[in-house]
Amino acid sequence: MSTVSAYVKFEILQAVRIPAVFIGLLFMPVGGMLVFVIPTMGSDPATATMGTASMCLFAVLIICSAQYGMGIADSRTKPWGGYVRTLPGGPLPKMVSMITLSMLMTVLGTIPLVLVAMAGTEAEASPADVALGFGALLLAVIPFALFMLAVGYAVNPYLVNMLTSVAPLLLVVLGGLLADPTDTGGFIGTVAPYIPIRGAAELVWAAVSDYSPRPVSLISQGVWTVVLAFVAHRAYRADEGRRFR
């Protein structure tokens, strides 16, 4: 436990010392609120609430992209990252500390979006719904983290930045976060249930509204989580073999 605590403290201090990185990344979800949610959904309480939830999920995805994808790739190219990998405790303390920071950043990162929604839209949700929404967002950290871990360890470090910049936008579009959640027709409506982000999105929507998640989306999300956990583990071990053989 002391090892895990030390890693958590290290991750938090590292983030606090370079806050501009996260502030810059969170500009995209806030921009999405100003460009998509307020002009097109702001006057309708139900759609504004779900649109805000979608942008909060986008923020979680951006945070995971930076912390896991780009963070892992950066550590793979630096001696310090290699040294940390040789310390006692194995990968578990490092992973726990990164997930802890992700959950903390999720809470902090969604506050500006909620404030924008309160000031510029008719979105409405009870305190209990907001609490459930935060819980669903924290659960969403797990599959997103696994996805970006797999990218961070499996892809050439010099290509990761490009992939982690494009992947969140593709997932948001293909997952239907910028479309009507109840529209099951068309290309987006057909492919969305099988995109890794969709199941998590439907849980968040259900937490803050009367939306009913589709079983296919939840099953797909569960399958993706297992697959991504396996791929991330294999990529970590493969990278370890290449570097410490």
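Residues numbered from 1 in each chain as written. Predicted model: local features only at pLDDT ≥ 70, side-chain atom pairs only at ≥ 80, totals over all residues. Heavy atoms only, no water.

K.L.:
What is the right way to look at the confidence of the model for the protein in this model?
P.N.:
The predicted structure's coordinates, where accompanied by low pLDDT, should not be read in detail. Predicted confidence across the protein gives a mean pLDDT of 82, with 93% of residues reaching 70 or more. Per-residue pLDDT, averaged within each element of the protein, yields its smallest value for helix α2 (residues 19–25) (66) and its largest for helix α10 (residues 198–208) (91). (pLDDT = per-residue confidence, 0-100. Helix = DSSP H or I, 4+ residues; strand = E, 2+ residues; numbered from the N terminus.)

K.L.:
Would you explain the side chain of Ser54 in this entry?
P.N.:
Position of Ser54 relative to the elements: it lies in helix α4 (residues 45–76). If near-sequence neighbours (up to four positions away) are discounted, Ser54 is found in contact with Leu177 and Trp205. (Contact = heavy atoms within 4.5 Å.)

K.L.:
Is there a simple way to explain the nonpolar core in this structure?
P.N.:
Nonpolar side chains tend toward joint burial in soluble globular proteins. With 52 residues, the main nonpolar core has Leu57, Tyr68, Phe144 and Ile197 as its most contacted residues. Every element with two or more residues in this core is listed here: α3 (27–41), α4, α6 (91–120), α7 (127–154), α8 (157–174), α10 and α11 (215–244). Ranked by the residues each element gives to this core, the list is headed by α4, at 14 residues. (Core = buried A, V, L, I, M, F, W, Y, C linked by side-chain atoms within 4.5 Å. Buried < 20%, exposed > 50% of the residue type's maximum accessible area, 1.4 Å probe, protein only.)

K.L.:
Before we go on, may I ask you to explain the pattern of salt bridges in this structure?
P.N.:
Pairing of side chains with opposite charge becomes possible as their charged atoms draw close. Tallied over the entire structure, the rule returns two salt bridges. Across the salt bridge formed by Glu202 and Arg214, the nearest N and O atoms sit 3.7 Å from each other. Of the two residues, Glu202 sits in helix α10 while Arg214 sits in the loop between α10 and α11, which places them twelve residues apart along the sequence. Given a relative accessible area of 0%, Glu202 falls into the buried group. Look at the salt bridges and you will find they share partners, linking Arg198, Glu202 and Arg214 into a network. (Salt bridge = Lys/Arg side-chain N within 4 Å of Asp/Glu carboxyl O.)

K.L.:
How should the state of the cysteines be read in this particular structure?
P.N.:
Disulfides are covalent bonds that connect the sulfur atoms of two cysteines. Within the structure shown, the criterion is met by zero disulfides. Distance from the sulfur of Cys56, which forms no disulfide, to the nearest cysteine sulfur (Cys64) is 14 Å. (Disulfide = S-S within 2.5 Å.)

K.L.:
How do you make sense of the side chain of Thr106 when you look at a structure like this?
P.N.:
Within the element layout of this structure, Thr106 appears in helix α6. A distance of 2.8 Å separates a polar side-chain atom of Thr106 from the backbone oxygen of Ser102. In contact with Thr106, not counting residues within four places along its chain, are Val60, Ile63, Leu137, Leu138 and Val141. (Polar contact = N/O pair within 3.5 Å; in protein donor to acceptor, adjacent residues only side chain to side chain.)

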